[in-house]
Amino acid sequence: MPTRARPIRLPLRAALVAVGLLAPFAGLAAPSAPERPAVERPNSERPSSERSSLDRQASERAADRPAVAIGAETSAVPEGTRLTVVLSRPVEARAFVMERPDRAIVDLPEVNFQLPPEAGRKRDGLVASYRYGLFAPGRSRIVIDLAQAATVARVATTTRPRDGATLLTIDLARSDREAFRRAAQPAAPARAEGPSTRDPVDSRPLVIVDAGHGGIDPGAIAGNGVYEKDIVFGVAQGLVQRLEAGGRIRVQMTRDRDVFVPLAERVRIARDARADLFVSIHADSISAAPQVRGATIYTGSEKATDAESARLADRENKADAAAGADQGDGPGDVATILQELTLRETRGFSARFAQGLLTNLSGVMEMSVKPHREAGFRVLRSPDVPSVLVELGYLSSKRDLDLLLSDEWRAKVTAQMAGAIERFFAGRVPPTGQAMTALNGDGLRMTRAAEHGPAPVSP
């Protein structure tokens, strides 16, 4: 996520040309234009009213595109530390601090971050590290991990005279713990746009495919700088394409691009869509044990199978905090005997699918020593949607990482995952309509076991 990395030296003009966004900058010299036909007058010879109209249209087109961030650096200031971000145009920024863990949050409209991979990973003054990315549709966020208690003293934007770039500066000032606690505030949790209401006419099973992490939350980071969020998103897309091509399963994703989705929201998406299965895809990392490799399938449980499973679940459950979001509550605690029975039945279906998935994947990929484990993952807490979490391998293992980046290997894995899903629903009795789903007094949906076949013995 000592000495700060040197700021980007790439000339602003060249960087903007590279991303196709030179237009937003006022005051930059225009490139030499190709020869125009004699009948077309140069812009300088157009009437002033026509030039104004063209300039206005260009400005409107630029305003429709996200601002581009092409540089960032930290520096010391008398009261603390300053983070400066170079942007293609001004944006409105709001900053605040949060504790447990201590961090400063900068909320922005959507920004296209074109920063080097090492940006934000080195400690400098009050900044332990920082990360950035899409936090919700149309919203970006910078999360600054604080090396000690500090408050946001100033947020300002200025124009750099030499090229018209916008400099967004965030000044952090040293603070004592009590002052920091008074300044700290909870962030409003991000809400992702959930799937549309389930089509009552389509009787095919609905599977929610959840690509772990995303946006400002990169997940694990491999030694070569590859992010877990990108690897698992590619695998999730491949699985969706396989299922759609088969035509027997309807499928939706919790995120269809590089955006942050809170953990509770992922569960809510599945429940609101009345999904029949939830599959979350991740990749682990243990830098201290690069020899450890292999895939593991997890199902939900209050008690973890082992210490390693508990550690992984705890780390994954902190994803919201890493993105500067409140840890929104998932489904409520089991409050009635009926709800408890439903949760036990759902976990039985989850275990049955996990075993079928394990059988399929064992033939095409290396499995871990304990390939089916249980732990208290927050994304597996839906009381009425069978759910599994698949750790495809370890980014800390060179062999696993090579496979995770292999298109051929991904194709084999997604084909087997799709096959396991289709087999899970093979004996399902087509429902006659959504009347099969009833609500009890507490609003908990009760899915008829007939939809999934006979209930297995709960583990």
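Residues numbered from 1 in each chain as written. Predicted model: local features only at pLDDT ≥ 70, side-chain atom pairs only at ≥ 80, totals over all residues. Heavy atoms only, no water.

Caption draft 1: A look at the overall build of the protein. Check the secondary structure of the protein and you find 10 helices and 17 strands. Each of the 459 residues in the protein was classed as buried or not, and the buried ones make up 50%. A total of about 21500 Å² of accessible surface is found on the protein, and carbon and sulfur atoms cover 51% of it. (Helix = DSSP H or I, 4+ residues; strand = E, 2+ residues; numbered from the N terminus. Buried < 20%, exposed > 50% of the residue type's maximum accessible area, 1.4 Å probe, protein only. Areas by Shrake-Rupley, 256 points an atom, 1.4 Å probe, with all protein chains shown as cover.)

Caption draft 2: A look at the sheet that holds strand E11 (residues 250-253). Strand order in this open sheet of 6 strands is E11-E10-E12-E15-E13-E14, and the pairing throughout is mixed. Since the sheet does not close on itself, it has two edges, and those belong to E11 and strand E14 (367-375), each with one partner. Averaged over all adjacent pairs, the angle separating strand axes in this sheet is 20 degrees, with direction ignored. With 6 bridges joining them, strand E12 (residues 277-284) and strand E15 (residues 387-394) adopt parallel strand pairing. Bridging from a neighbouring strand, aspartate 284 pairs with tyrosine 394 of E15. Those strands touched by helix H4 (residues 228-246) are strand E10 (206-211), E11, E12 and E15, and its axis lies near 145 degrees from that of E12. Sheet strands in contact with helix H6 (residues 307-316) are E12, strand E13 (295-300), E14 and E15, and its direction is about 65 degrees off that of E14. (Pairing = 2+ DSSP bridges. Axes fitted to C-alpha atoms, helices over the stretch in contact; angles between N-to-C directions. Contact = heavy atoms within 4.5 Å.)

Caption draft 3: Spatial organisation of the packing of aromatic side chains. Evaluated as defined, the whole model comprises 6 aromatic pairs. Aromatic pair tyrosine 130 and tyrosine 132: ring centres 6.4 Å apart, planes at 45 degrees, arrangement tilted. Of the two residues examined, tyrosine 130 and tyrosine 132, each falls in the buried class. It is arginine 141 that lies over the ring of phenylalanine 135; its NZ or CZ is 3.8 Å from the centre. (Phe/Tyr/Trp six-rings, centres within 6.5 Å; stacked < 30°, edge-to-face > 60°. Lys NZ or Arg CZ within 6 Å of the ring centre and 35° of its normal.)

Caption draft 4: Main features of the side chain of aspartate 171. Relative to the assigned elements, aspartate 171 resides in strand E9 (residues 166-174). A polar side-chain atom of aspartate 171 sits 2.6 Å from a polar atom in the side chain of arginine 82. (Polar contact = N/O pair within 3.5 Å; in protein donor to acceptor, adjacent residues only side chain to side chain.)

Caption draft 5: Layout of the side chain of serine 88. Position of serine 88 among the secondary structure elements: in the loop between strand E2 (80-87) and strand E3 (94-98). Given the relative accessible area of 2%, serine 88 is considered buried. Only 2.9 Å separates the side chain of serine 88 from the backbone nitrogen of valine 68, close enough to count as a polar contact.

Caption draft 6: Broad picture of the confidence of the model for the protein. Averaged over the protein, the pLDDT score is 80; the fraction of residues at 70 or greater is 72%. In this model, residues 329-335 is a region of pLDDT below 50 whose contacts with residues beyond four sequence positions or in other chains number 14 contacts. Every residue in residues 429-459 scores below 50 in pLDDT, and together they form 64 contacts with partners more than four places removed in sequence or on other chains. (pLDDT = per-residue confidence, 0-100.)

Caption draft 7: Structural detail: the environment of glycine 393. Secondary-structure assignment places glycine 393 in strand E15. Non-local contacts of glycine 393, meaning those with residues more than four positions away in its chain, are made with Ala283, Asp284, Gly294, Ala295 and Asp400.

Caption draft 8: Region of the structure containing the pairing of E12. Extensive coverage of E12 is indicated by the burial of 8 of its 8 residues. Side chains of E12 alternate between two faces, with Leu277, Val279, Ile281 and Ala283 and Phe278, Ser280, His282 and Asp284 buried alike. Judged from the 5 bridges that link them, E10 and E12 form a sheet pairing that is parallel. Bridge pairing in E12 places aspartate 210 opposite serine 280.

Caption draft 9: Region of the structure containing the packing of H4 against helix H10 (residues 407-424). Relative to each other, H4 and H10 sit at 50 degrees, their axes nearing to 9 Å. Taken together, the axis directions place H4 and H10 in an arrangement best described as oblique. For H4 against H10, the interelement crossing comes out right-handed. Listed contacts from H10 to Ile231, Gly234, Val235, Gly238, Leu239, Arg242, Leu243 and Gly246 of H4 are Arg410, Ala411, Thr414, Ala415, Met417, Ala418, Ile421 and Glu422. (Parallel < 35°, antiparallel > 145°, perpendicular 65-115°, else oblique. Left-handed = near helix turned anticlockwise from the far one by under 90°.)

Caption draft 10: Spotlight on the pairing of strand E1 (residues 67-77). Counting buried residues in E1 gives 8 out of 11 residues, a clear majority hidden from the surface. Here E1 runs beside strand E5 (residues 111-113); their pairing, made up of 3 bridges, is parallel. Note on E5: the bridge partner recorded for valine 68 is asparagine 112. Relative to E2, E1 runs antiparallel, the two sharing 8 bridges. The residue bridging serine 75 from the neighbouring strand is arginine 82, located in E2. Linking two consecutive strands that pair antiparallel, namely E1 and E2, is a turn of 2 residues.

Caption draft 11: Inspection of the nonpolar core at higher detail. Among the nonpolar cores identified, the biggest contains 44 residues, and Val279, Ile281, Phe353, Met417 and Ile421 are the most heavily contacted of them. For this core, the secondary-structure elements that each account for two or more residues are E10, H4, E12, E13, helix H8 (337-361), E15, helix H9 (398-404) and H10. Per-element tally for this core: the top contributor is H4, with 8 residues. Those residues in contact with isoleucine 421, other than ones at most four positions away along the chain, are Val207, Leu239, Leu243, Ile249, Leu277, Val279 and Phe353. Core analysis: the second largest hydrophobic core is formed by 28 residues, Leu87, Ala104, Val127 and Ala150 among them. (Core = buried A, V, L, I, M, F, W, Y, C linked by side-chain atoms within 4.5 Å.)

Caption draft 12: Expanded view of the pattern of salt bridges. Inspection of the entire model under this criterion finds 32 salt bridges. One salt bridge connects glutamate 99 with arginine 181, and the closest N-O pair in it is separated by 3.8 Å. On the criterion of sequence distance, the pair formed by glutamate 99 in the loop between E3 and strand E4 (103-109) and arginine 181 in helix H3 (residues 177-183) is long-range, its members being 82 residues apart. Look at arginine 181 and you get partly exposed, because its relative accessible area is 39%. A salt bridge links arginine 266 to aspartate 210; its shortest N-O distance comes to 2.5 Å. Here aspartate 210 lies in strand E10 and arginine 266 lies in helix H5 (residues 263-272), a separation of 56 residues in the sequence. What makes arginine 266 buried here is its relative accessible area of 2%. Several salt bridges converge on common partners, so that one network encompasses Glu99, Arg100, Asp102, Arg177, Glu178, Arg181 and Arg182. (Salt bridge = Lys/Arg side-chain N within 4 Å of Asp/Glu carboxyl O.)

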